Amino acid sequence: METGQRTDIKSMYMEELQEFVKRLGEKKYRAKQIYEWLHKKQAGSFEEMTNLPKSLIEKLKDSCILTVLRTETVQVSKEDGTKKYLFALSDGNVIESVRMQYKHGNSVCISSQAGCRMGCRFCASAIGGLVRNLTTAEMLDQIYRIGKEAGERVSNVVVMGTGEPLDNYENLLRFLHMVTDEDGLHISQRNVTVSTCGIVPKMRMLADENLQITLALSLHAPTQEKRSMLMPIAGTYALEEVLEACRYYFYKTGRRVTFEYSLSSGVNDSDEEAKQLIRLLRSIDAKCHVNLIPVNPVRERDFRQPNRQSVLQFQKKLLESGINATIRREMGQDIDGACGQLRRKYAAGTGEP
Ligand code: SAH
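One structure accompanies this document, and this report is about it. Numbers given to residues run from 1 along each chain, matching the order in which its sequence is written. Predicted model: local features are reported for residues with pLDDT of at least 70 only, side-chain atom pairs are reported and counted for 80 or more only, and whole-chain, interface and lining totals are derived from all residues. Where side-chain values are given, they derive from all heavy atoms of the structure, hydrogens and water being excluded.

## A look at the site of the ligand
- Near, as used in this document, describes a residue that has one of its heavy atoms within 4 Å of the molecule or strand being considered. Residues in close proximity to the ligand total 19 residues, the closest being Glu 164, Ser 195, Ser 218, His 220 and Asn 296.
- With respect to the ligand, the side chain of Glu 260 contributes an N or O atom lying 3.2 Å from an oxygen atom.
- Each accessible area value is a Shrake-Rupley result obtained with a 1.4 Å probe; residue values ignore everything except the protein chains displayed when judging cover. Isolated, the ligand exposes 530 Å² of accessible area, and the fraction of that covered by the protein chains is 96%.
- Of the residues that constitute the shell around the ligand, the class distribution is 9 nonpolar, 8 polar and 2 charged. Nitrogen and oxygen atoms within 3.5 Å of one another constitute a polar contact, given that in protein one can donate a hydrogen and the other can accept it, and given that sequence-neighbouring residues count only through two side-chain atoms. Three classes are used: nonpolar for Ala, Val, Leu, Ile, Met, Phe, Trp, Tyr, Cys and Pro, charged for Asp, Glu, Lys and Arg, and polar for all others, with Gly counted as polar.

Okay, structure coming up:
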């Protein structure tokens, strides 16, 4: 929690904050007040914490970092109201987050890293490689800033933005506990989804954390051979091991696992591949759900969306075999909806809306 000399106060659990205020020579109840300002009221500065004595505010300013993301740009989709935020971090890096409005509430998609080192062939976030992990506070504050700006409660969180969340495991776990904490935003664990490219040991660790969050696996191909062409991580963890880890997650948590499958024309959308996928999912013997994502074309990448007919055909095959499959609504396509695209544009100096 100590960054150099200063403490990253927004990444601290309540108990740690209590210890911290004690060390500052303050009464324990001050920790609860500060925690409330940080995580319930989502204060943007120490000065806003008006029920704290001035002397304590000064101490906090001297000894702590308060992570508050700066909004660089907001793009609003004319099609569906989806908003894409580009946030600046204190070291000048930028990250992106997306807010989607559904009938049943607001969902925020957050980034877990600046950049990513997983190298998936179709993904814009992979292009510049990993810059660094995000802190817990930086993950939380994406939701806090968006919730504040919208003036509406965020009800769902998906960790599906830039980065591989399980490659930033400790900060992610802390984030998961804090975002669902009843003294904070108190989002229901069942309304939080973490998406992974399939880092097997970490999937198993997550299964053992006793959480009720949803795990989504980026599958994208029904065979080891095809998957390893699209996702370098498949060279480290074979499809069979990844599926075994999904089964383990289901067994430990009782939570249905989501499989993401981005459909690219001529790459993974054939009838044969639909059949292979059906066989594969039947074999895993766990409750599951397939989310078909027509691939978002990325400027630097050569993947094309299948036509609507083929997407529907692929879905129909799954449904007919009793596999629950939905087609992801393509939200915010007009505002660089695909992961990492806005951030890339910004890095290339063309990020102005
Ligand atoms: N690292 C995590 C989160 C990444 S983004 C993971 O791999 O799951 C969330 C989802 O979007 C992943 O399934 C990812 O594979 C997918 N994705 C990335 N780029 C895409 C694109 N251009 N079109 C469609 N889906 C894409």
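## Examining the packing of aromatic side chains
- Here a Phe, Tyr or Trp ring, Trp counted by its six-membered ring, pairs with any other such ring whose centre lies within 6.5 Å, and the pair is stacked when the planes are under 30 degrees apart, edge-to-face when over 60, and tilted otherwise. All told, the structure shown has 3 aromatic pairs when counted by the stated rule.
- Sitting over the ring of Trp 37, Lys 41 keeps its end group 3.8 Å from the ring centre.
- The criterion for a charge sitting over a ring is simple: Lys NZ or Arg CZ within 6 Å of the ring centre, and within 35 degrees of the ring normal. Against the face of Tyr 248 rests Arg 204, its NZ or CZ located 4.9 Å from the ring centre.

## Looking at the packing of helix α9 (residues 271–284) against helix α10 (residues 308–320)
- An axis is simply a line fitted to the C-alpha atoms; with a helix, the fit covers only the stretch in contact. Between two such axes, the angle follows the N-to-C directions and lies from 0 to 180 degrees. Helix and strand labels come from DSSP, where a helix needs a run of H or I of at least four residues and a strand needs a run of E of at least two; each type is numbered from the N terminus. Between α9 and α10, the least distance of the axes is 10 Å, while the angle of their chain directions is 30°. Our classification of the angle between α9 and α10 gives roughly parallel. For α9 against α10, the interelement crossing comes out right-handed. Taken together, the residues of α10 that come into contact with α9 (itself represented by Asp 271, Glu 273, Ala 274, Leu 277 and Ile 278) are Gln 313, Phe 314, Lys 317 and Leu 318.
- A breakdown of the residues in the contact of α9 with α10 according to their chemical character gives 5 nonpolar, 1 polar and 3 charged. For classification purposes, an angle smaller than 35 degrees is called roughly parallel, one larger than 145 roughly antiparallel, one from 65 to 115 roughly perpendicular, and anything else oblique. The handedness criterion is simple: a crossing whose near helix is rotated anticlockwise from the far helix by less than a right angle is left-handed, and one whose near helix is rotated clockwise is right-handed. Throughout, a residue-residue contact means that at least one pair of heavy atoms, one from each residue, lies within 4.5 Å.

## Thoughts on the side chain of Thr 136
- Residue placement: Thr 136 occurs in helix α4 (residues 136–150).
- Note on exposure labels: buried denotes an accessible area under 20% of the residue type's maximum, exposed denotes more than 50%, and partly exposed covers the range between, all computed with a 1.4 Å probe on protein chains only. A relative accessible area of 1% places Thr 136 in the buried class.
- The contact partners of Thr 136, leaving out residues within four places of it in the chain, are Ser 11, Asn 171, Arg 174, Phe 175 and Met 178.

## Let's talk about the state of the cysteines
- Two cysteine sulfur atoms form a disulfide, by the criterion used here, when they sit within 2.5 Å. One pass over the full model with this rule turns up 0 disulfides.
- With no disulfide of its own, Cys 246 has Cys 288 as its nearest cysteine by sulfur position, at a separation of 9.2 Å.

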